[in-house]
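Structural overview
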Amino acid sequence: MPPKAKITRDMIVDAAFEIARNQGVENINARTVSEKLNCSTQPVMYHFATIEELKRTVYAKADRYHSEYLMNIKNPRKGVMLGIGLNYIRFAIDEPHLFRFLFQSNIINGTTLLEMIDAEEITPVISAMQGAVGGGSVEQVKEIFLTVFLFVHGYASIIANNSLEYDEELIKEHLERAYQGAVLAAQGDRDEKVI
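Keep in mind the model is a prediction, meaning the values are calculated, not measured.

1. Section: the environment of serine 40
For serine 40, the location among the structural elements is in the loop between α2 (30-37) and α3 (42-47). Sequence separation between serine 40 and isoleucine 7 is 33 residues; the distance between their C-alpha atoms is 10.0 Å. A polar side-chain atom of serine 40 sits 3.3 Å from the main-chain amide nitrogen of glutamine 42.

Here's what the structure looks like:
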């Protein structure tokens, strides 16, 4: 009888990631992961003290996957920000379980929206935007990012929860307006705010 294959930590994370991706994070538990790996629950509990620890590790993997997805822009010459924004919305369509896991769950709590903008994972997006804006200050670019992010996230959330059909041309038009407005607002005189 051949020796049993050793179940590694990475194998467990990959299996749990596939469960989160296809069935939702709420379906990650020792039993579902062990069934996916065709093993007992013992290796899962050996490598992860709790299921919450496993979910946090899967969250980090999903976050990296999401960042790569965002930066895979089909036609960067037509606008980096437009490409990133559309990819964010497409991610909600293509990966609704992962979108809800990343942005509509309490797996990672305690982080504010402003802290998120300073996160290492956002750096490539901010850098790409800074080039697209024509080299504005980092603070201006972060302000633009925040405005556009909130707009795009709203669209993506509605779509991920099956309440709105995806109309790329309409979304492009709205996204371009939101982006142009955010750029103008960031470049304008801050003392002249009208509210």
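That covers the picture; the talk isn't over yet.
2. Observations concerning the side chain of threonine 32
Among the structural elements, threonine 32 can be located in helix α2. Among residues more than four places away in sequence, those in contact with threonine 32 are Ile19 and Asn27.

3. Focus: the layout of surface pockets
Sizing a probe to match a water molecule and rolling it over the atoms shows the empty space that remains. By volume, the largest pocket amounts to about 690 Å³. Residue lining of the largest pocket: 28 residues in total, with Tyr59, Leu102, Phe103, Met116 and Phe149 positioned closest to the centre. Looking at the lining of the largest pocket, the elements with two or more residues in it are α4 (51-71), α5 (80-94), α6 (96-103), α7 (113-117), α8 (123-133) and α9 (138-160). The greatest single-element share of the lining of the largest pocket, amounting to six residues, is contributed by α4.

4. Topic: the pattern of salt bridges
Two side chains that carry opposite charge are able to pair once their charged atoms sit near each other. What the rule picks out here adds up to 10 salt bridges. Glutamate 53 serves as the salt-bridge partner of arginine 9, at 3.9 Å between the closest nitrogen and oxygen. Here glutamate 53 lies in helix α4 and arginine 9 lies in helix α1 (residues 9-23), a separation of 44 residues in the sequence. A relative accessible area of 33% means that arginine 9 is categorised as partly exposed. Residue glutamate 53 is classed as partly exposed on the basis of its relative accessible area of 24%. Of the charged contacts, one joins aspartate 14 and lysine 61 as a salt bridge, the two residues approaching to 2.9 Å between their closest N and O atoms. Residue aspartate 14 is located in helix α1, and its partner lysine 61 is located in helix α4; the two are separated by 47 residues in the primary sequence. Judged by relative accessible area, lysine 61 falls into the partly exposed class, the value being 23%. Each of Arg90, Glu168, Glu169 and Lys172 takes part in a single network of salt bridges with overlapping partners.

Basis of the calculations
- Residues numbered from 1 in each chain as written.
- Predicted model: local features only at pLDDT ≥ 70, side-chain atom pairs only at ≥ 80, totals over all residues.
- Heavy atoms only, no water.
- Helix = DSSP H or I, 4+ residues; strand = E, 2+ residues; numbered from the N terminus.
- Polar contact = N/O pair within 3.5 Å; in protein donor to acceptor, adjacent residues only side chain to side chain.
- Contact = heavy atoms within 4.5 Å.
- 1 Å grid on protein atoms, 1.4 Å probe; cavity = no way out; pocket = protein on both sides within 12 Å on 5 of 7 lines; lining within 4 Å.
- Points joined across faces, edges and corners; volume = space filled by probe spheres on them.
- Salt bridge = Lys/Arg side-chain N within 4 Å of Asp/Glu carboxyl O.
- Buried < 20%, exposed > 50% of the residue type's maximum accessible area, 1.4 Å probe, protein only.

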